Amino acid sequence: MNVEKISGAKALILSLLHENIHTIFGYPGGAIMPIYDALYDFEKEINHILVRHEQGAIHAAQGYARVSGKCGVVFATSGPGATNLITGLADAMIDSTPIVCITGQVSSHLLGTDAFQETDVIGISMPVTKWNIQITKASDIPMAIAKAFFIATSGRPGPVLIDITKDAQFELFNYQYNKCHFIRSYNPLPKIDLNKIELASQLINEAKKPLLLIGQGIILSGAENELKTFIEKANIPTASTLLGLGALSANHALYVGYLGMHGDYAPNIKTNECDVLIAIGMRFDDRVTGDVSRYAKQAKIIHIDIDQAEINKIIKTDVAIHADAKMALQELTKLVDINKHESWLQEFKDAKKIEVDTLFENEKQNYTHELKMEEVIKCLSSITNGEAIIVTDVGQHQMMTSRYYKFLNTKSNVSSGGLGTMGFGLPAAIGAKLGNPNKQVIAIIGDGGFQMTLQELGTILQSKIAVKILILNNRFLGMVRQWQELFFEKRYSFTEMISPDYIKLANAYNIEALQITEKENLEEGILKMLQCTSSFLLEVKVAKESNVFPMIPTGASVAEIRLK
């Protein structure tokens, strides 16, 4: 067999092409310069997006991965370039996002000498990666890349980092590439225990008040259709975590709402009234459970997850099924009975009415002419008919979007869940638009989070990315201010924020922009943003001291959810 002798840098690019990678987010620097030099000859095959900060690169890769279902790829240099990826790695790790990061490193003879821009990125990134490795020989690059993509995308997905010394990038070797399909001691797809499936089906068939909680695992498994078939056969009310939104259409008759601290009233209180609680592809995050000691104590718990470490970690289960969600639902559906649960489903409708009526009364009592975040989100949801890809930053606007935007499609909700990373929204929206260019992509961001990564407007300018940016500007770090109001006697310590002129800022980046302050201009402004064929920034001035309700206070039970 003839093999080509090439540099480690070129071998890396060819290996990425073997993995069907045609989009890369990155920022060049000294230690990764040979790789960028090799990339120069592949501009027709690979679209490299030059970001303005490495954190922007990895968040963009996350957005790309979340909407496309593919693996995101990031290039960064050594030292500060590599360390700027750490927040995104941690975010991708906790939110199960497949990312492969390639970092340059100083030459191997300089390792450990505190050379210029040398940092132990392997040691630093180990807790926030699914796997990482340092390469000092060019011949190790192909196998490392193959393993990286296999690990990042199989089982519970996650981020991987490959650190390549500069001399390995220059070194010549005989290149061959073989995709990886197996690693000894790594078993990403567990074998289903059919006895446990049978036990679970018995509990479900005997249940009078079953409740299903779904997480992002449904989306990552591609189990949306299996989920529908299952719930429609057994007629089980279904609630979603933050990252599970969109796995089941918000218009589905069995969808009963959003779980968690600022979730819907019905699924939260009914968690402590159901007799069988089924959790699929979710990890019982503290924002979902509230006080664990008072969580669903009356219920039999069935937990299905591909990650063994998540089962019995927080909530003790009666039937633990270590399995892929799609495969588990296929088997479970065969054994569950056709059911109705009419009176139980009616209880959710009654609880929903209590929430709607109470929030309406709250609104009447606290009415102002100021725009409210929820009004903006409801209007956006109505105009887009729930069909857009929505990327949120972190804060009050994120919770309002999760509550009031009616997600009808899978892979349409991109948000930083477990880590809660402010600054995520703008770069993630850039990646999302590249991951699904035919969809309307809207970044909904607070004034605080926007200012953390607003430099990525430069990426939009240079790469001509038609992303829509909706800033909900309340002149506060809104979520922190809400807690200060409710739990710290309105002592607003360093949460009021002065912002720049966002319209001038957008115009400086050649982005069309509009500011809205009045309710009567809202619909027209949103339509103008959506009809624009290029990027657009819409700033909406909203009420400064408005709160997100319902709310489960820290340390409270899900049954103690507050409506005001």
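Residues numbered from 1 in each chain as written. Predicted model: local features only at pLDDT ≥ 70, side-chain atom pairs only at ≥ 80, totals over all residues. Heavy atoms only, no water.

A closer look at the side chain of Lys-468
In step 1: The topology assignment puts Lys-468 in strand 18 (residues 468–473).
In step 2: For the buried residue Lys-468, which engages in no salt bridge, the nearest side chain bearing the opposite charge is Glu-512, 9.1 Å off.
In step 3: Among the polar contacts made by the side chain of Lys-468, one reaches the main-chain carbonyl oxygen of Leu-530 at a distance of 3.5 Å.
In step 4: At a separation of 2.8 Å, a polar atom in the side chain of Lys-468 contacts the main-chain carbonyl oxygen of Cys-532.
In step 5: Those residues within four positions of Lys-468 in sequence are excluded, and the remaining contacts are Gln-440, Val-441, Ile-442, Ala-443, Met-529, Leu-530, Cys-532, Ser-534 and Phe-536. (Helix = DSSP H or I, 4+ residues; strand = E, 2+ residues; numbered from the N terminus. Buried < 20%, exposed > 50% of the residue type's maximum accessible area, 1.4 Å probe, protein only. Lys, Arg positive; Asp, Glu negative; His and termini not counted. Salt bridge = Lys/Arg side-chain N within 4 Å of Asp/Glu carboxyl O. Polar contact = N/O pair within 3.5 Å; in protein donor to acceptor, adjacent residues only side chain to side chain. Contact = heavy atoms within 4.5 Å.)

Here's the deal with unusual backbone geometry
In terms of backbone geometry, most residues other than glycine have negative phi values and most peptide bonds are trans.
In step 1: Cis geometry is found at the peptide bond from Phe-549 to Pro-550, where omega equals 5°.
In step 2: With respect to the helices, strands and loops of the structure, Pro-550 is situated in the segment after strand 20 (536–541).
In step 3: The phi angle at Gln-117 is positive, at roughly 55°, despite the residue not being glycine.
In step 4: Its location among the elements puts Gln-117 in the loop between strand 5 (99–105) and helix 6 (121–125).

Structural notes on helix 1 (residues 8–18)
In step 1: By the criterion of burial, helix 1 is predominantly enclosed, with eight of the 11 residues buried.
In step 2: Buried within helix 1 we find Gly-8, Ala-9, Ala-11, Leu-12, Ile-13, Leu-14, Ser-15 and Leu-16.
In step 3: Two residues or fewer after helix 1 comes Asn-20, characterised by a positive phi angle close to 65°.

Quick notes on the sheet that holds strand 12 (residues 276–280)
In step 1: Pairing within the open sheet is parallel, and its six strands lie in the order 11-10-9-12-13-14. Each of the sheet's edge strands pairs with one partner strand only, and the pair in question is strand 11 (255–258) and strand 14 (319–322). On average, each strand axis in the sheet is inclined to that of its neighbour by 15°, with strand direction left out of account.
In step 2: Pairing between strand 9 (residues 210–214) and strand 10 (residues 238–240): three bridges, direction parallel. The residue of strand 10 that forms the bridge with Leu-212 is Thr-238.
In step 3: Where helix 9 (residues 194–206) meets the sheet, its contacts fall on strand 12, strand 13 (300–305) and strand 14, and the angle it forms with strand 14 comes to roughly 135°. (Pairing = 2+ DSSP bridges. Axes fitted to C-alpha atoms, helices over the stretch in contact; angles between N-to-C directions.)

A closer look at the domain arrangement of the chain
In step 1: According to the domain assignment, the chain consists of domain 1 (6–173), domain 2 (194–349) and domain 3 (369–541).
In step 2: Averaged C-alpha coordinates put domain 1 and domain 2 at centres separated by 37 Å.
In step 3: On the side of domain 2, seven residues touch domain 1, which itself brings seven residues to the contact.
In step 4: Taking both sides of the interface into account, the surface hidden between domain 1 and domain 2 amounts to around 630 Å²; carbon and sulfur atoms contribute 55%.
In step 5: It is Arg-66, Asp-95 and Arg-156 that lose the most area in domain 1 upon contact with domain 2, and together they represent 63% of the buried surface on that side. (Domains from an automatic or database assignment. Buried area = accessible area lost by both parts, 1.4 Å probe.)

Considerations on the packing of helix 16 (residues 373–384) against helix 23 (residues 522–531)
In step 1: Relative to each other, helix 16 and helix 23 sit at 50°, their axes nearing to 10 Å. Of the possible angle classes, the one that applies to helix 16 and helix 23 is oblique. Between helix 16 and helix 23 lies a crossing whose hand is right-handed. For the pair helix 16 and helix 23, the contacting residues are Glu-375, Val-376, Cys-379, Leu-380, Ile-383 and Thr-384 in the first and Leu-522, Glu-523, Ile-526, Leu-527, Met-529 and Leu-530 in the second.
In step 2: Of the residues contributing to the contact of helix 16 with helix 23, the split by class is nine nonpolar, one polar and two charged. (Parallel < 35°, antiparallel > 145°, perpendicular 65-115°, else oblique. Left-handed = near helix turned anticlockwise from the far one by under 90°. Nonpolar A, V, L, I, M, F, W, Y, C, P; charged D, E, K, R; others polar.)

Examining the pairing of strand 17 (residues 441–446)
The side chains of a regular strand alternate between the sheet's two faces.
In step 1: Burial runs high along strand 17: six of the six residues are buried.
In step 2: Covered by surrounding structure in strand 17 are Val-441, Ala-443 and Ile-445 together with Ile-442, Ile-444 and Gly-446, the residues of both alternating faces.
In step 3: Sheet analysis places strand 15 (residues 389–392) next to strand 17, joined by four bridges and oriented parallel. Across the sheet, Ile-390 pairs through a bridge with Ile-442, a residue of strand 17.

A few points about the environment of Ile-269
In step 1: Summarising the element assignment, Ile-269 is placed in helix 12 (residues 265–271).
In step 2: With a relative accessible area of 12%, Ile-269 lands in the buried category.

Description of the packing of aromatic side chains
In step 1: Following the criterion strictly, the structure yields 10 aromatic pairs and no others.
In step 2: Judged by centre distance (5.7 Å) and plane angle (90°), the ring pair of Phe-150 and Tyr-186 falls under edge-to-face. In this pair, Phe-150 is assigned in helix 7 (residues 141–153) and Tyr-186 in the loop between strand 8 (172–175) and helix 9, connecting sequence segments 36 residues apart.
In step 3: We classify Tyr-186 as partly exposed; its relative accessible area is 22%.
In step 4: Here Arg-481 stacks its cationic end above the ring of Phe-476, 5.8 Å away from the centre of that ring. (Phe/Tyr/Trp six-rings, centres within 6.5 Å; stacked < 30°, edge-to-face > 60°. Lys NZ or Arg CZ within 6 Å of the ring centre and 35° of its normal.)

Comments concerning the side chain of Ser-557
In step 1: Within the secondary structure layout, Ser-557 lies in the segment after strand 20.
In step 2: Reaching out from Ser-557, the side chain makes a polar contact with the backbone nitrogen of Ala-559 at a distance of 3.0 Å.
In step 3: In contact with Ser-557, other than residues within four places in its own chain, are Asn-272, Asp-291, Arg-294 and Ile-552.

Here's the deal with the pairing of strand 19 (residues 512–516)
In step 1: Across five bridges, the pairing between strand 19 and strand 20 is parallel. For Ala-513, the partnering residue across the bridge sits in strand 20 and is Leu-537.
In step 2: Regarding topology, helix 23 serves as the crossover connection from strand 19 to the parallel strand 20, and that connection is right-handed. (Right-handed = clockwise from strand over helix to strand, strands pointing away.)

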